[in-house]
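One-letter residues, chain by chain:
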Amino acid sequence: MTMDRRAFLKLASAAPFAGVNGLARAGAAEARKLLVLVELRGGNDGLNTVIPYDDPQYARLRPRLGVARDQVVQLTERAGLHPSLEKLRALWEARELAIVQGVGYPQPNLSHFRSIEIWDTASASTEVLQQGWLARAAATSAFARFAADGVVIGAADLGPLAGGARAVSLSDPERFARQARLAKDGQVAARGALAHVLQVENDVVRAATQLRPEVTWRTEFPRGPFGTAVQHAAAIASTRKVPIIRVTLAGFDTHQNQANTQAQLLRQLGEGIVALRCALQEVAMWDNTLILTYSEFGRRPRENASAGTDHGTASPLFAFGPRVKGGRLGEAQSLARLDENGNLPFAVDFRSIYATVLSSWFLLDADRILGRRFNPLPLLKA
């Protein structure tokens, strides 16, 4: 699945960019499901993301880091969102936001490297797999009708697409777009990483080269790297050429001075999700999109002496889209029932979420891809 540069340039120049509205009209008749993964790299503190403000143990465990009850974006009588996620209230009220509570896995590993490897490969904590869970899905040829299996934005690794998927990593999408335009115009030779990407399927590369000022959006994207990554994700999604996009927001390893850091990151997350929703509505893709957040682990319930939190276990996961069953899923965890290490025991195995995505979203054999049976969740509408 490679093509030489001359063939790429010929094909890339054969169809001029039609603009966002043109892409929406061209693809409106063809409904292709899209999965957008948003990785919260570093281990997001779930307890200050979805806040159990009604639990008396919360204030006891977090005398400095706890968010005051009157600041919480209250969703229910017992729980709410961090104030930086205020913009997500509209999705909650539209029933386009589901919160899966207490997500984790047995015998959790608190190493960043190993735990994200477990999440990416859907392995048990006691086994090592070489192929990402979505790469295994791609191996079934389920995505053969697409130009590529996925695009990864904002990180060099392919994560769940590693190990054989037809995937492109755009760790610096703006720089790549500039280089690809120069290569397309014959001003520079394509070398190194750029040459590798230029050999990937024509349509995906064309999507990347189209990320230029001529792409006009009514949507206003947030400033900063994550807002830019979301804008690139929307532009690539508008081509309808890939079924999977992963975007990474890093910086969640908050061992010290967590309050300000997490507040800024969660604000970027909330504003980015809302902007992505608006952009996908513009190009008639929102109805066929499922967005999932994930992080390698949560943080300990008890704050540390440095006004931060240390590596923990279970954490909530967000699912967005018109086809999710809005509300809270999983068991609401009690801070009075911590394990022997002072962590929250998990209530939902993350592989049950993967099983739901594989079987109910992509209509694939989840048992075969995951290597064993994980019961799907009632996360998606029929």
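First, a word on what this report is: a plain description of the structure on this page.

Thresholds, definitions, all that
Residues numbered from 1 in each chain as written. Predicted model: local features only at pLDDT ≥ 70, side-chain atom pairs only at ≥ 80, totals over all residues. Heavy atoms only, no water. Helix = DSSP H or I, 4+ residues; strand = E, 2+ residues; numbered from the N terminus. Buried < 20%, exposed > 50% of the residue type's maximum accessible area, 1.4 Å probe, protein only. Polar contact = N/O pair within 3.5 Å; in protein donor to acceptor, adjacent residues only side chain to side chain. Contact = heavy atoms within 4.5 Å. Salt bridge = Lys/Arg side-chain N within 4 Å of Asp/Glu carboxyl O. Phe/Tyr/Trp six-rings, centres within 6.5 Å; stacked < 30°, edge-to-face > 60°.

**Considerations on the side chain of His-82**
Within the secondary structure layout, His-82 lies in the loop between strand S4 (80-81) and helix H4 (89-93). Judged by relative accessible area, His-82 falls into the buried class, the value being 7%. In terms of polar contacts, His-82 uses its side chain to reach the backbone amide nitrogen of Ser-84, at 3.0 Å. When near neighbours in sequence (up to four residues on either side) are disregarded, His-82 contacts Asn-48, Thr-49, Ile-51, Val-67, Val-73, Gln-262, Ala-263 and Leu-266.

**Examining the pattern of salt bridges**
The final tally for this structure, using the stated rule, is 16 salt bridges. The shortest N-O distance in the salt bridge between Glu-96 and Arg-277 comes to 2.9 Å. Taken together, the residues span a long stretch of sequence, with Glu-96 in the loop between H4 and strand S5 (97-104) and Arg-277 in helix H11 (residues 258-282) at a distance of 181 residues. A relative accessible area of 16% means that Arg-277 is categorised as buried. Residue Arg-337 is joined to Glu-331 by a salt bridge in which the shortest nitrogen-to-oxygen separation is 3.7 Å. The exposure class assigned to Glu-331 is partly exposed, which follows from its relative accessible area of 47%. Connected through salt bridges with shared partners, the residues Glu-39, Arg-41, Asp-157 and Arg-246 form a single ionic network.

**Brief notes about the packing of aromatic side chains**
Scanning the model with the defined rule gives 10 aromatic pairs in all. Arranged with centres 3.8 Å apart and planes meeting at 5 degrees, the rings of Trp-133 and Tyr-354 form a pair that is stacked. With a gap of 221 residues between them, Trp-133 in helix H6 (residues 133-138) and Tyr-354 in helix H12 (residues 350-361) connect regions that are remote in the sequence. Judged by relative accessible area, which is 6%, Tyr-354 ranks as buried. Here Trp-217 and Phe-221 contribute two aromatic rings whose centre-to-centre distance is 5.6 Å and whose plane-to-plane angle is 80 degrees, an arrangement assigned as edge-to-face. Here the two residues Trp-217 and Phe-221 agree in accessibility, since each one is buried.

These results come straight from atomic positions and should not be treated as a statement about function.
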